[in-house]
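Inside the fold
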Amino acid sequence: MNNDLSRSVRLLEDALAPSPGGLLRTPIGKKSKLKPVARVDPDLSITVLPHEVDMILNDTPSFIYNQTMKDLLDTDKTIPGGIIQKQDPWKTASDSLYLEFFEILQGQTGSQDALEVLAELARCCSDTLSVVRGLKSKVAIKVVEEEKWLEKEKDTWRLLFILFQDRLMIQNLSEEGTEAIHYHGRSEKLCVENLFKRDHLIRECQLVIDWLEADAGEKENQILHFSDVTVGWENTLHQLQSDGTIAFGSSRQIVDKIDPDAPHYQEKSLHDLDRDDEKRLSKSIFKEIRSGKLEEAQKLARQCGHSWKAALFEGWQLYHNPNIKEDMYIENMSEADDGYEEMKCHEVKNVEGNSNRDIWKIMAIKYAMQNYIDIFEKAAIGVFCGYLNAVLSVCSTWEDHLWAYMKIMVDIRVESEIRDYCSRYNDYASLPDEYWQQRRSLNEIFGDLESSTSKLVREEAKDPHHIIQKYIILDEIPALLGDLQEWSESPSTSTHFLRFSAHLVLFLDQIGRGSRRDCVAGVIRAYIKRLMKMNETQLVAHYVSKLNLNSQVHLYAQHLENITNLDERKQALHYAEQCGLDLFKITKQIVENIRHKPEDLDQAGNLQKKLTETDKLKISALDWLSFFESQRVELLIQSNALIFNFLVMGKLDAAQLAFNKVPIDAVGELTAEIGDENKDFNKNVKEHLSYKAYLEAYESFNAWFKQSKNKPAEPTELSSTASFPEKVIHEHRISQYKADVERWELTTTHLANTAKTLLYNVLLFPDGWLTGARDADHLRKTVLPEISFLLYSVLCDTKMYGKCVELGNIIASEQYLLYKEFSKDQLGDLLKKIGDASLALTELQRDPWGNEIRV
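Rules and cut-offs
Positions within a chain are numbered from 1, following the residues in the order the chain's sequence is written. Under the rules for a predicted model, residues below a pLDDT of 70 receive no local features and side-chain atom pairs below 80 are neither given nor counted, while totals for whole chains, interfaces and linings still include all residues. Just so you know, side-chain values use all the structure's heavy atoms and leave hydrogens and water out. Each helix corresponds to a stretch of at least 4 residues labelled H or I by DSSP, and each strand to a stretch of at least 2 residues labelled E; elements are numbered beginning at the N terminus. In what follows, residue pairs with any heavy atoms lying within 4.5 Å of each other are defined as contacts. The protein chains shown are the only cover counted for residues, whose accessible areas, like all others here, come from Shrake-Rupley with a 1.4 Å probe. Two aromatic rings, drawn from Phe, Tyr or Trp (for Trp, its six-membered ring), form a pair once their centres lie within 6.5 Å of each other, and the interplanar angle then sorts them: stacked below 30 degrees, edge-to-face above 60, tilted otherwise. Here the term buried applies to any residue with accessible area under 20% of the maximum for its type, exposed to any over 50%, and partly exposed to those in between, with areas from a 1.4 Å probe on protein chains only. Either the NZ atom of lysine or the CZ atom of arginine qualifies as a charge over a ring when it sits within 6 Å of the ring centre and within 35 degrees of the ring normal. Polar contact criterion, stated in full: a pair of N or O atoms within 3.5 Å, where within protein one must be able to donate a hydrogen and the other to accept it, and residues adjacent in sequence count only if both atoms are side-chain atoms. Salt bridges are identified by distance alone: a Lys or Arg side-chain nitrogen within 4 Å of an Asp or Glu carboxyl oxygen.

Let's talk about the overall build of the protein chain
Counting its secondary structure elements, the protein chain contains 39 helices and two strands. Considering only contacts within the protein chain whose residues lie at least 6 apart along the sequence, 72% involve residues at least 24 apart. Taken as a whole, the protein chain presents about 44500 Å² of accessible surface, with 50% of it coming from carbon and sulfur.

Below, the structure written as structure tokens:
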């Protein structure tokens, strides 16, 4: 009860509060755990036990309102619809079901809780429906879409509960090998009870009838304007007793007798007011019967002075004399002994039911065929005597027609059973052929509904919820799963219907009825994709965990791709860990998904060289692999792949940022941990170090080049007419200039030496720069010639002409085979530059190879 009250309060508060940014709200205090619903063994009687009906079908909660909601719902004033409609509170209330359903599944502890989960889901829908109706009743709005589908979903969850409670119980009994009971006796009641115990189909049909009646009982009934106690046809009686003195009589000649058949055999009418009252009374009695409230219908008839109508509904009851010992053969001897002990009692008990029930039934059928009787009165009798046409004449909705068909189906099956097993003790009168010709199977019943003469019924038969209910009743689960998958693939399907469908297939799969795994996964996947659009990470993580491993990795990685905030990323991984997802595979998939995103193009259609938003996203994606030290190797692999792509596109700045994502000490720690025997790891380390050498060399060259082009400017010459102070200032500038030049030369020389060393590191990289890396040929043919020309520039500008000639020897060496990475044009350019260096050497009194010339 506390759980229901808490949920109700939250629904009411959320409905009036402004719409939040997301569905997940920070809970106040400790999150309440779901209270387990007490397990009850399903009853095998004709109807559901009273406490089961209360729990499943009559679970309207007692609300505790906050003051705002109390002022809204308790007041008698009707609030203009626009005031509440601006915030669409019923949508806010219904959207809370996403979180409610998620919390229910989280509180589930095992497969044995499947039925309790169904009960909780139905209760959630009922609570939300009550809130929506409460809000709707206070505004000038007639139709709220949320109310329609909430009612259908609530009914479907309840139907699932009552049917699968029975089916799972029967399955357990079958596994235990319980013996059947064979009945041969004169008691119609015991005969029918035995029928319901052994025939699961007829028992399920009765459960469906109970479900339909309970649902009808929750609908708003028209207010009746009958007095507490009255006599039948009081206006007619008053006119007859006051003949000649009454001011306003009936507009037509009325009967002069008050017995029930008087209007028929006298062919006269009742008083006008009594005619209207009679129609309203008949309709109200039928509504009570449609709601499964026979006693209320009889009470209403007696209250209005028509006790004879109440007595009409007594004739259908099954005959049973508890004072006569019945012949029941039970395989289990302990049960037989118990029955024998019960029969030792000599107390005389009251006889139940109607011993002439067959006669009553024949007459009731004839009664329901009469044209002069009100259609609702005939329908009320037709329900209990099994005359379908009389009942269908007053049915309007799909539920009404299904109820009528199933009532008659059960009645015929019961009648057949009684006449088969009780006929040796009772001489039953023959029923008319029209009665037996009404026999239909469940499939035929639903076929009749789909081809009904009523347009409304035909349209309602196409409603997804009614189709689902049909499949559940028929126990055609594979067909149900197929339709659910088809609906889930439609973009027009609402997210709430996807939520309902996902939890339905989860339940079926949990109890072992999800035979079509592709359909189950398809429905859940469709719901997850909607949650992804709603940015509900916690819900996505939970429902993703219901899929297979590949789908878990693919979908959750896809959802996390666009999360860039560090705290949100950590929270998303925390959700994944709570749901048992494979964090390592997911984070790897995230990086690979982002890394393979297409590059941004500029207006001319060329790849941009500058850093783009996509590049930043790709670089940031590497952070997914930095949360766990055990993923350092994967971080190394993914960073190598990303750097490679950036270098191919010539984006050195982006490559440097990607390289910086790998911690400086990561390679050393991994090497010490893994060792040198792992070839794949060594190859990745070599590739990483190759990129390191290249990026450091390029950065060093840029630093030198920038420094070399920033030589201090020499002060302008002083004019001959300058004053003494000007000359002093000029001399100070000259001194400062010489000091700046000296510092510049030292810095430039240092940067040149550093650049020369780092550039050589690339050319002379052990076993070749980037050798062994996948698809590295193109990059080697790009980088190595580039590095060679850069090195030549450094050597030439620092007048190391001999080193320039030696560079040619290094490139031509068979030890390094660097010449293979050059094109013919590149080799020609390089040889020309080396020739220029040799010419410069001759000007320095050296030979073309840089050696001193000795005479």
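There is more to say after this.
Considerations on the packing of aromatic side chains
Aromatic rings considered in pairs are described by the distance between their centres and by the relative angle of their planes. On inspection of all chains with the given rule, the structure shows 19 aromatic pairs. Judged by centre distance (5.9 Å) and plane angle (50°), the ring pair of Phe 497 and Phe 500 falls under tilted. In this pair, Phe 497 and Phe 500 both sit in helix α25 (residues 495–510), three residues apart, roughly one turn of the helix. Judged by its relative accessible area of 0%, Phe 500 falls in the buried class. An aromatic cluster is defined as three or more aromatic residues linked by ring pairs; in this entry it consists of Phe 101, Trp 157, Trp 487, Phe 497 and Phe 500. One cation-aromatic arrangement involves Arg 167 over Phe 164; the distance from NZ or CZ to the ring centre is 5.0 Å.

Some details on unusual backbone geometry
Of note, the phi angle at Asp 767 is positive, near 65°, even though the residue is not glycine. For Asp 767, a relative accessible area of 70% puts it in the exposed group. A positive phi angle, close to 60°, is found at Lys 799, a residue other than glycine. For Lys 799, the position within the fold is in the loop between α37 (777–797) and α38 (801–812). Looking at Lys 799, the relative accessible area reads 59%, which means it is exposed.

Focus: the environment of Ser 626
Along the polypeptide, Ser 626 turns up in the loop between α31 (613–621) and α32 (632–648). Among the residues examined, Ser 626 registers a relative accessible area of 39% and is labelled partly exposed. Along the chain, Ser 626 and Pro 663 lie 37 residues apart, while their C-alpha atoms are 9.0 Å from each other. Within polar-contact distance, the side chain of Ser 626 engages the backbone oxygen of Asp 623 at 2.6 Å.

What about the pattern of salt bridges?
As enumerated under the stated definition, the model contains 43 salt bridges in all. For Arg 133, the salt bridge goes to Glu 147, with nearest N and O atoms at 3.1 Å. Taken together, the positions of Arg 133 in helix α6 (residues 114–136) and Glu 147 in helix α7 (residues 145–176) put the pair 14 residues apart, joining distant regions of the chain. Residue class for Arg 133 comes out partly exposed when judged on its relative accessible area of 27%. Lys 597 serves as the salt-bridge partner of Glu 561, at 3.4 Å between the closest nitrogen and oxygen.

Re helix α23 (residues 464–474)
Among the eleven residues of α23, ten are classified as buried, and the element is accordingly described as predominantly covered. Taken together, the buried positions of α23 are His 465, His 466, Ile 467, Ile 468, Gln 469, Lys 470, Tyr 471, Ile 472, Ile 473 and Leu 474. Its side-chain oxygen at 2.9 Å from the backbone nitrogen of His 465, Asp 463 defines the N-terminal cap of α23. Where α23 ends, the next residue or the one after it, Asp 475, has phi of about 60°, a positive value.

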